[in-house]
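Observations on the model geometry
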Amino acid sequence: MPEIFIDFPEPDTAQPEAVSGQGVDGTSFDTEGFVIPVVVPLDQAQAWLDLYDPANQYSPDAATSREIARTVLDALKAIVEAQ
Amino acid sequence: MSDITTPPSCSDVVVPAHTCTPGGGGGASGPVVPVTSEVVDLTDGSWTLYDPDGLIDTSYGTNGATFDSGTGFTTIKMAGLAVGDFKYMIAALNNGHFWPRWYRAIDGADNLKTVQMTTEFVNDATVTPWARSICLGVANDPTSTDPNIMDGTGGFFRHGGSPSNATQYGVWMIASQTSGSNLANSRGVATVLRSRDSLGSGAFITSRDDTGRAIASGTRNSNFNAGIGAGDAVPVYHILGIGTYGSGGIVAGSLVKMRFAQTSSIIDFTGA
């Protein structure tokens with residue numbers, strides 16, 4: 001399984017931010033939330049993409065989805081608990 | 001670009017290039033150039049108003065603004081807006097940038113130089129709030145209504161218009177923003193860095209009045225090189241804009257009262 005990292009060494013310093021921006025598909029958004037930097041190592045980016053088929057609504061598989069979700073949610077949990 | 005017929009008299013502090021002389025065991029400190037910020041005065045003759053849709057009440061003060069030299073606060077009066085639109089939002093891409101803005105040249109600065117601008121916003125909360133957004137920064141073309149030609153970055157402020165809303169201080173990048181939102185916010189400091197035709201990125205710190213201590217900090221990347229052209233140098237400008245928070249209108253006579261301060265540096269790294 002390829003790796004991803006969360007670049008947030010001090011979750012107890014986190015503050016909600018107001019963010020207005022555009023997604024990669026150009027869709028605008030405006031919300032308050034926690035900005036969580038996700039780092040995909042360059043040498044593993046293709047490995048992640050090999051596990052994903054955007055035309056298949058069941059892709060990526062459960063194990064891959066769980067890997068990404070748990071990494072992000074663990075970071076979110078640390079940030080929220082530190083509030 | 002509209003013509004500027006009167007050369008602006010910029011009172012910016014420009015930090016000259018300097019060489020670093022290492023100390024030789026005597027504890028000599030490195031070179032530091034203390035910088036005094038400029039309190040922005042839109043009535044000093046250096047600024048030009050560009051207001052394509054007439055949102056500023058130009059019968060008020062000087063082109064819609066007054067300046068209190070004792071407190072450093074600027075007051076701006078709005079003419080009103082019956083029907084809002086995304087194009088009046090500083091931090092929105094849809095429909096362009098039609099919000100009013102004041103601009104002036106930055107002496108000696110262009111898109112290829114390393115330009116660093118630090119701003120401070122202090123909001124006057126005694127003025128009746130309305131759903132507004134404000135920017136103070138640098139732009140390649142301040143009179144363009146295309147966000148990707150204006151190419152603006154700088155400090156940012158907005159407020160939702162209700163006393164129960166928190167003030168937000170942060171950074172503005174082209175048509176987006178990131179800011180700290182907190183009811184205890186009193187002021188925000190932001191720095192944007194641009195260099196070699198990149199719009200670079202920005203950082204901010206918000207703070208409170210009672211302790212004077214910081215509440216939050218953050219950053220935002222423009223992810224954008226302006227792409228004006230290999231080797232082409234075009235002037236860059238200071239820009240101070242007033243817009244809406246969302247797509248709602250503006251009641252005629254609404255006021256903005258804030259203290260704006262800035263420093264801008266054109267840094268020459270080739271002189272070492």
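In short, a report on the structure. (Residues numbered from 1 in each chain as written. Chains lettered and ligands numbered in written order. Predicted model: local features only at pLDDT ≥ 70, side-chain atom pairs only at ≥ 80, totals over all residues. Heavy atoms only, no water.)

A look at the overall build of chain A
Scanning chain A from N- to C-terminus turns up 2 helices and 4 strands. Starting at the N terminus, the α and β elements of chain A follow one another as β-β-β-β-α-α. Oriented by its inertia axes, the alpha-carbon framework of chain A measures out at about 35 × 30 × 25 Å. Expressed as a percentage of its 83 residues, the buried residues of chain A come to 20%. Sequence separation of 24 or more characterises 61% of the internal contacts of chain A that already satisfy a separation of 6 or more. For chain A, the exposed area adds up to about 5700 Å²; of that, 56% sits on carbon and sulfur atoms. (Helix = DSSP H or I, 4+ residues; strand = E, 2+ residues; numbered from the N terminus. Buried < 20%, exposed > 50% of the residue type's maximum accessible area, 1.4 Å probe, protein only. Contact = heavy atoms within 4.5 Å. Areas by Shrake-Rupley, 256 points an atom, 1.4 Å probe, with all protein chains shown as cover.)

As for the pattern of salt bridges
Applying the stated rule across the entire model yields 9 salt bridges over all chains. For Lys77(A), the salt bridge identified is with Glu81(A), shortest N-O distance 2.5 Å. Here the residue Lys77(A) and the residue Glu81(A) both occupy positions in helix α2 (residues 62-81), the gap between them amounting to 4 residues, near one helical turn. Here Arg187(B) and Asp209(B) are joined by a salt bridge, their closest N and O atoms 3.9 Å apart. One end of the pair, Arg187(B), is in strand β11 (residues 187-195); the other, Asp209(B), is in the loop between β12 (198-207) and β13 (214-221), and 22 residues separate them in sequence. (Salt bridge = Lys/Arg side-chain N within 4 Å of Asp/Glu carboxyl O.)

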